[in-house]
Amino acid sequence: MSDAVIVSSATPPVARTANVLAKGALVLLLVFALLYPDQGNMRDKAAGMRAVGYPLASFTVPFLWWTLWKDKMAFPWVPDLLITVTCFTDILGNRMDLYDTVVWFDDWMHFMNTGLLAAAVILLTLPRSSGLARCVERGLAIGATGAIAWELAEYFAFLSRATDRAFVYADTLGDLALGTTGAVVGAMVVHRLWRRGLLLEPVPLPARAAAHTG
């Protein structure tokens, strides 16, 4: 019989509410983009791939928690919110036509969303006592991998049909650099918040298991 005690999450209610609202809004925006791709500014932008990939990404943490973690840790609201935000903001940016009307918006999205994704994985997988180097290492591993995977998906989805190949090459290199930088910044922010006593709950599964087997 395990003597593990499940600790209630200290996550602020606003994070929980924002998470639920972001997931609901994401689903609605995806349905709208599929039904009306022109109005959603998603024509020739892999709306179908996003409609499949984004729900899978935003509901991965709830699925894993329900099937594997619910008896070992409280629900990780903040990491789940960060992952959902990366999907929601991309669809919202297309819906508002920000990618085509704001010059720097695409660059900001690569920097911010890769940083949020790296921060979410760090919160889910590293103990709160981790040093800065370990946080940055994990952030780079997730951020660089995610940035490369995104660029490959973009290329096969619609950039391969672009007529200006020189632009595609430069844009891809810039996006990779921004994504990697965002991941490093995200890792540093998480580490800084941990040192200030924030984002300490819930304790990630590996750390909790080690605490009860030692």
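For clarity, every value in this text was computed on a predicted model and none was experimentally measured. (Residues numbered from 1 in each chain as written. Predicted model: local features only at pLDDT ≥ 70, side-chain atom pairs only at ≥ 80, totals over all residues. Heavy atoms only, no water.)

(A) Spatial organisation of the nonpolar core. Leu 82, Ile 122, Leu 123, Cys 135, Val 190 and Trp 194 are the most contacted members of the largest nonpolar core, which totals 26 residues. Broken down by secondary-structure element, the contributors of at least two residues to this core are helix H3 (60-69), helix H4 (77-95), helix H6 (105-125), helix H7 (132-157) and helix H8 (165-195). No other element matches H6, which puts nine residues into this core. The next biggest cluster of nonpolar side chains, apart from the first, holds seven residues, and it includes Leu 26, Cys 87, Phe 88 and Ile 91. (Core = buried A, V, L, I, M, F, W, Y, C linked by side-chain atoms within 4.5 Å. Buried < 20%, exposed > 50% of the residue type's maximum accessible area, 1.4 Å probe, protein only. Helix = DSSP H or I, 4+ residues; strand = E, 2+ residues; numbered from the N terminus.)

(B) A look at unusual backbone geometry. Backbone geometry places Asp 97, a non-glycine residue, at a positive phi of 60°. If you trace the backbone, Asp 97 turns up in the loop between H4 and helix H5 (98-101).

(C) Spatial organisation of a nonpolar patch on the surface. Nonpolar side chains collect at one region of the surface, where Val 27, Val 31, Leu 35, Tyr 36 and Phe 59 lie side by side and expose about 460 Å² of accessible area between them. Relative to the assigned elements, Leu 35 resides in helix H1 (residues 13-35). On the basis of relative accessible area, Leu 35 is assigned to the exposed category, the value being 57%. (Patch = residues over 30% accessible without salt bridge, like charges linked within 9 Å, V, L, I, M, F, W, Y side chains within 5 Å. Areas by Shrake-Rupley, 256 points an atom, 1.4 Å probe, with all protein chains shown as cover. Salt bridge = Lys/Arg side-chain N within 4 Å of Asp/Glu carboxyl O.)

(D) Seen up close, the packing of H4 against H6. Packing of H4 against H6 brings their axes to within 8 Å, and their N-to-C directions diverge by 160°. Classified by the angle their axes make, H4 and H6 are roughly antiparallel. Of the two possible hands of crossing, H4 and H6 adopt the one that is left-handed. Contacts between H4 and H6 involve Val 78, Pro 79, Leu 82, Ile 83, Val 85, Thr 86, Thr 89, Asp 90 and Gly 93 on the former and, on the latter, Phe 105, Met 109, Met 112, Asn 113, Leu 116, Leu 117, Ala 119, Ala 120, Leu 123 and Leu 124. (Axes fitted to C-alpha atoms, helices over the stretch in contact; angles between N-to-C directions. Parallel < 35°, antiparallel > 145°, perpendicular 65-115°, else oblique. Left-handed = near helix turned anticlockwise from the far one by under 90°. Contact = heavy atoms within 4.5 Å.)

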